[in-house]
Amino acid sequence: MQVTIDENSGFCFGVIHAIQTAEDYLRDHHELYCLGDIVHNNEEVKRLARLGLRVITQEQFRELHDTTVLIRAHGEPPLTYQIARDNHITLIDATCPVVLKLQQRIHDFYCNPDKKNWQILIFGKKGHAEVVGLMGQADNKVIVLSSMEEINKVDYNRPSMLYSQTTQSLEQYYQLIDLIRARYEAVGHGDMFHYADTICRKVANRAEQVVEFAKRHDTILFVSGEKSSNGLYLSDICRKANPNTFLVSHVDQLQDIDLSGKESIGICGATSTPMWLMEEFKKRL
Ligand code: SF4
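These remarks concern the structure in this document. What you see is a predicted model; the values in this text were computed from it and never measured. (Residues numbered from 1 in each chain as written. Predicted model: local features only at pLDDT ≥ 70, side-chain atom pairs only at ≥ 80, totals over all residues. Heavy atoms only, no water.)

1. Quick word on the overall build of the chain
- A tally of regular secondary structure across the chain gives ten helices and twelve strands.
- Over its C-alpha trace the chain gives a radius of gyration of 21 Å, about what one expects of a compact globule, namely 19 Å for 285 residues.
- Projected onto its principal axes, the C-alpha coordinates of the chain cover approximately 60 × 55 × 25 Å.
- Here the chain holds 285 residues, and the buried ones make up 53% of them. (Helix = DSSP H or I, 4+ residues; strand = E, 2+ residues; numbered from the N terminus. Rg over C-alpha atoms; globule rule 2.2 N^0.38 Å. Buried < 20%, exposed > 50% of the residue type's maximum accessible area, 1.4 Å probe, protein only.)

Set out below in structure tokens:
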């Protein structure tokens, strides 16, 4: 049996930077709070917990004073920075530069007096940390579109500006754009609709790479945390290219998968999957 790890899998630079920042701090300190999971992968969260990284919720954050808290790659809304100032919390900000740029764009648009009557739309997952951070840039006066059906929420007599959460599917984003554009055109307001392509290419390009990798192997083990939206999206794409795809998060799950007779196993993962975890799968196989 030949086992190959996809060399394009593994953390994106935003996550690598956040983890590196935490590890650097923990070299000289015994603990560091992190607002939410630093990455949507339990195994990596457990490894960092052993180094002293303590994941806290928003509620716990509000109760903290005079300490240091890490902001992960997904970013945070302005309210988090305000609470930190009020409670004398030092923030170590590891917001991914791609997310930071998108936050700034939304903020600038929202503050532009010429755009007062506009609707800001975000294609994203409701409640996802990045989306919460983006909504905060516009005082939460945002319409979040999580599915195509939700385009009914848009007022087609008012102009709108559409952005996307960075980890959304490029294909679905352009489907959504076509649907919204058609609705505006149907009421004679085609020029009122604008959008920005704000999908991170680290994720978008992964789709093509994953398809190519999946087709080269008998069976695919897609390693990802169950909470990772990028993981669910990519594993779905993987399964379409190779129906013999298994979504796994822990090596013990291997005992439930029948790999007898398979000659070529490919191991790949999401942008939140650590390389060491994929190597652990390879070793166990
Ligand atoms: S997927 Fe892209 S935007 Fe998101 S953290 Fe990684 S590099 Fe940044």
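Structure shown, so let's carry the discussion forward.
2. Comments concerning the sheet that holds strand E5 (residues 90-93)
- The four strands are arranged E3-E2-E4-E5 in an open sheet whose pairing can be described as parallel. In this open sheet, the two strands that pair with only one neighbour each are strand E3 (53-56) and E5. Ignoring which end each strand starts from, the neighbouring axes of this sheet average 35° apart.
- Summarising the sheet, strand E2 (residues 32-35) and E3 pair through four bridges and their orientation is parallel. Across the sheet, the residue bridging to Leu-32 is Leu-53, located in E3. (Pairing = 2+ DSSP bridges. Axes fitted to C-alpha atoms, helices over the stretch in contact; angles between N-to-C directions.)

3. So, the packing of helix H5 (residues 97-111) against helix H6 (residues 129-136)
- Where H5 contacts H6, the axes come no closer than 8 Å and their chain directions differ by 35°. Relative to H6, the crossing made by H5 is right-handed. Together, Val-99, Leu-102, Gln-103 and Ile-106 of H5 and Glu-130, Gly-133 and Leu-134 of H6 make up the contact between the two elements.
- Here the residues of the contact of H5 with H6 sort into four nonpolar, two polar and one charged. (Left-handed = near helix turned anticlockwise from the far one by under 90°. Contact = heavy atoms within 4.5 Å. Nonpolar A, V, L, I, M, F, W, Y, C, P; charged D, E, K, R; others polar.)

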